[in-house]
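Commentary on secondary and tertiary structure
Chain by chain, the residues:
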Amino acid sequence: MPTEEELMARAAELLARGPLLPPPTERKRLREAAGLTQEDVAIALQTKRETVNGWETGRTMPRPPRLAAYKHLLDGWAAMYPAPTDNADAPSGVTAKVPETFTSVPVAPEARTLSTAPASEAATMTVSENIQPRPTDNAAAPAAASRPARTARPSSTSRRPAARKAAPANTPAGTDPRFANGPIAVVDVDADGQVLAYCVGGLVLDVPAKSIPALVDWTLKDAKLGQPQLSGPGKDADPLLVLTQSALERYGLPTTLTDEERLAGRIPEGHKVIKQLARAEWKLTKRGFGPWARIYRPAQGSERACVQLCIPSWNALDTRHWGQAGQLPPAELARVLGVYASRVMTPRGSTAVTGLELMTALHPPTRASEPDESGKRHSEHNPGSLGKDPVDCAPCEAPDGHPLLKDLPRFHVRGPGEKLFEEAYDWARPMTDAECTLRHLVGIDVNMAFAAGANGLVVGLGAPTHVKAPVFDPKLPGSWLVDLSHVDLSRVKLGKDKWADLDGSLLPSPFTPKGERPEGPAWYATPTVAYAVELGYDVTPLEAYVRYENGRYLDGWYNRLRDAYLATMADLGVHADLSPADFLAAMDGYKERDPELAIVVSAIKATVKGGLGKLRERPRGEGWRPGGPWRALSRPTWRPDIRAAVISRTRINLHRKIVKHAAFTGQYPVAILSDCVVYAADGTSPLDFLPYRDGKPLPGGFKLGINPGLVKHEGTQSVLWGEEVRERFDAPELNLARYIKDGTVTDADNGE
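All of the points below concern the structure found in this document. All of these numbers come straight from a predicted model, not from anything done at the bench.

Calculation criteria
Residues numbered from 1 in each chain as written. Predicted model: local features only at pLDDT ≥ 70, side-chain atom pairs only at ≥ 80, totals over all residues. Heavy atoms only, no water. Helix = DSSP H or I, 4+ residues; strand = E, 2+ residues; numbered from the N terminus. Buried < 20%, exposed > 50% of the residue type's maximum accessible area, 1.4 Å probe, protein only. Contact = heavy atoms within 4.5 Å. Areas by Shrake-Rupley, 256 points an atom, 1.4 Å probe, with all protein chains shown as cover. Pairing = 2+ DSSP bridges. Axes fitted to C-alpha atoms, helices over the stretch in contact; angles between N-to-C directions. Parallel < 35°, antiparallel > 145°, perpendicular 65-115°, else oblique. Nonpolar A, V, L, I, M, F, W, Y, C, P; charged D, E, K, R; others polar. Phe/Tyr/Trp six-rings, centres within 6.5 Å; stacked < 30°, edge-to-face > 60°. Lys NZ or Arg CZ within 6 Å of the ring centre and 35° of its normal. Core = buried A, V, L, I, M, F, W, Y, C linked by side-chain atoms within 4.5 Å. Expected span 1.5 Å × (residues − 1).

Within the chain, the secondary structure is distributed over 21 helices and 25 strands. By residue count, 52% of the 752 residues in the chain fall in the buried class. Pairs at least 24 apart in sequence give 72% of the contacts found in the chain among residues at least 6 apart. For the chain, the exposed surface amounts to about 34400 Å²; the carbon and sulfur share of it is 52%.

Here it is as structure tokens:
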């Protein structure tokens with residue numbers, strides 16, 4: 001029997017082992033309350049994001065010296081963002097538990113909730129910010145966020161679903177009391193004529209506003225809508241109001257735009273609602289009152305006064321990316337936009353605009369300086385950002401019509417030696433006799449391919465420097481004029497001192513989007529030239545435009561979108577640690593499990609591609625003439641070089657996998673379109689041609705899974721279908737990857 005002194009000594013040993021940390025869930029809550037990502041913490045503590053994720057999920061614990069530093073961070077956050085007490089601020093008579101989506105129940109507006117019918121099984125599945133082990137059985141994960149309390153006042157069920165799905169449980173909690181009701185609200189009018197605001201988590205607020213100016217005032221003063229900044233020096237997201245058709249009628253706005261208004265992208269300046277706003281001293285941005293109107297007053301110090309409107313019936317939600325979201329009842333629409341906002345950011349317009357704005361939100365151009373001698377702080381450049389001023393691109397990076405090219409002859413067509421042309425694959429070839437004896441064509445698609453291409457990519461942050469006869473540096477982002485026509489795909493290097501002999505005639509060139517072998521010098525982005533070196537060939541650039549100021553600008557952007565994608569797919573039952581066969585089974589029909597979350601997945605994917613596309617936005621109307629400037633050129637985020645680098649790396653990543661696969665299996669692709677590759681196979685599944693040994697894929701080759709960069713099944717058609725289609729259109733090189741998903745071919749391939 002130990003003595004009291006021995007037990008006390010052992011207790012003292014435990015106390016001396018180091019600082020105690022709060023529970024893992026509280027660690028995550030504190031970080032999110034501070035508006036920081038796992039990547040931010042990892043950079044500060046000089047470790048990996050996956051390590052921080054392990055600390056927040058309880059799988060691992062920090063060790064000295066990071067343990068003390070991590071506890072110091074948590075203690076500081078705990079002092080600034082104390083844990084909320086359940087129902088501490090709830091109105092009298094309310095006993096329901098506060099939902100995970102919020103930290104307090106609002107007091108000012110009158111709150112209601114929707115039906116408390118159970119959420120669907122798919123909606124209750126959870127996943128951490130990164131990869132979490134999936135449940136050992138098929139039972140649903142813990143229930144999603146409970147619904148907020150409602151007042152005793154009865155409410156109409158008009159325009160509300162009989163059984164509403166809750167926001168997924170792993171939607172980040174809104175811990176900032178300023179934004180207790182979430183980032184968005186859908187404004188609708190019920191059958192009794194009451195204006196209601198449907199918020200995330202099932203909360204419904206009464207809206208007293210009788211006009212658009214009053215609605216803006218109510219939103220900023222009483223609604224508690226908005227979203228904290230995503231980065232320390234950034235700005236809070238403005239509240240977003242979605243106006244249904246009945247709300248438009250109530251506030252004197254047209255439910256649809258005329259053809260003239262639609263082409264103009266706004267209602268006329270003389271509209272009565274715009275006059276009401278002007279009398280109330282509210283302003284509109286240059287884009288006017290359109291599908292994504294922004295109503296503001298000039299900022300007073302750090303206080304912003306801005307509300308954004310989204311009007312689905314004016315085509316604010318593009319059906320290519322948002323599906324039928326604009327037709328959903330208000331509660332369901334609030335759920336869709338709320339999940340997207342909490343996981344990506346509050347929409348700032350189209351998915352393309354939001355993707356670009358996300359880059360800036362994560363890397364604001366300026367920050368507050370350290371106090372000067374008088375104690376004042378000043379705005380200064382934020383390291384790692386693109387800054388607040390635009391920079392000129394290199395002439396080779398400029399699209400046709402750019403002011404840098406104004407002195408070119410009117411009908412001059414620039415060739416590869418004058419123009420950087422980094423685009424995604426659009427390549428196909430005739431099938432061999434051996435391939436025609438196989439039964440099926442199987443398409444595989446790379447998940448979030450362009451996001452994966454951005455991950456870890458070093459891009460230029462500043463202006464280019466022109467260099468003659470440079471020595472190629474694979475770590476230096478830029479554009480290089482170099483001859484790669486000598487690279488022979490029949491013999492390539494696969495690793496250190498390991499070469500492989502391939503049938504180069506069956507492979508696309510990695511250097512051109514159409515897969516044609518280059519002829520003579522051409523402009524390439526750094527990842528393309530680096531791949532030529534990787535394949536075992538020397539390169540001798542003639543000139544280059546390089547960027548000595550550079551960094552991994554897109555890492556935070558990638559992490560945010562990856563986490564949003566993985567979390568939403570997990571809610572749909574597709575987890576990151578599934579075996580290949582289980583993954584294919586989980587992907588089969590995943591959209592039908594929860595069509596609303598499937599819309600969120602589509603929007604996240606569109607945010608990736610659209611955001612990258614905005615880096616080289618072309619003129620759209622604006623009275624533009626070739627050789628003149630257009631509006632997008634005034635943005636620091638107009639960076640065609642960054643777009644080119646991401647596309648280059650994405651295409652190279654795909655080609656590397658194709659080469660590894662060919663060297664190991666002797667199989668070659670029949671067609672490639674962007675991130676989809678088609679192979680001939682005896683079976684209908686990717687498992688019929690992808691090499692797996694003991695459940696493990698070919699190193700460096702294609703791997704089935706949901707993570708960005710891994711592949712999924714795109715579709716399967718018969719070889720006879722492929723040959724019949726090509727014969728029908730007399731096109732032996734018709735790109736079958738374009739139609740592999742459902743086999744529908746409505747017209748000859750025109751490259752669009």
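The next thing to look at is the sheet that holds strand β25 (residues 711–718). Two strands in a sheet stick together by hydrogen bonds in their backbones, pointing the same way (parallel) or opposite ways (antiparallel). One open sheet accounts for five strands, arranged β11-β21-β22-β12-β25; its pairing is antiparallel. Across the chains shown, the open sheet's two edge strands, defined by having one partner strand only, are β11 (426–428) and β25. Strand-to-strand twist in this sheet, taken as the mean axis angle between neighbours without regard to direction, amounts to 20 degrees.

Okay, the packing of helix α2 (residues 24–33) against helix α4 (residues 49–57) next. Orientation of α2 relative to α4, taken along the N-to-C sense of each, is 125 degrees, at an axis distance of 6 Å. Viewed along their axes, α2 and α4 adopt a mutual orientation that is oblique. Contacts from Pro24, Thr25, Arg27, Lys28 and Arg31 in α2 reach Trp55, Glu56 and Thr57 in α4. Of the residues that constitute the contact of α2 with α4, the class distribution is two nonpolar, two polar and four charged.

Another aspect to go through is the packing of aromatic side chains. Taken as a whole and assessed by the stated rule, the structure comprises eleven aromatic pairs. Ring geometry for Trp499 versus Tyr537: centroids 6.4 Å apart, planes at 80 degrees, classification edge-to-face. Here the residue Trp499 occupies a position in strand β17 (residues 498–501), and Tyr537 occupies one in the loop between α15 (526–534) and β19 (543–546), the gap between them amounting to 38 residues. The class for Trp499 is partly exposed, based on a relative accessible area of 35%. By way of ring pairs, the aromatic residues Trp624, Trp630 and Trp638 are connected into one cluster. One cation-aromatic arrangement involves Arg297 over Trp282; the distance from NZ or CZ to the ring centre is 3.8 Å.

Among the nonpolar cores identified, the biggest contains 111 residues, and Trp322, Trp557, Met569, Ile604 and Phe702 are the most heavily contacted of them. With nine residues, the single largest contributor to this core is helix α20 (residues 640–665). Ignoring sequence-local partners within four residues, the contact set of Trp557 consists of Gly355, Leu358, Met359, Leu362, Ala454, Thr607, Val608 and Leu612. Grouped together as the second largest cluster of nonpolar side chains are 35 residues, Val189, Trp218, Leu225 and Val273 included.

The end-to-end C-alpha distance of α20 is 37 Å, a good match for the 38 Å that 26 residues give at a rise of 1.5 Å each. Of all 26 residues in α20, 19 are buried; the element is thus mostly enclosed. A positive phi of about 80 degrees marks Gly666, the residue just after α20.

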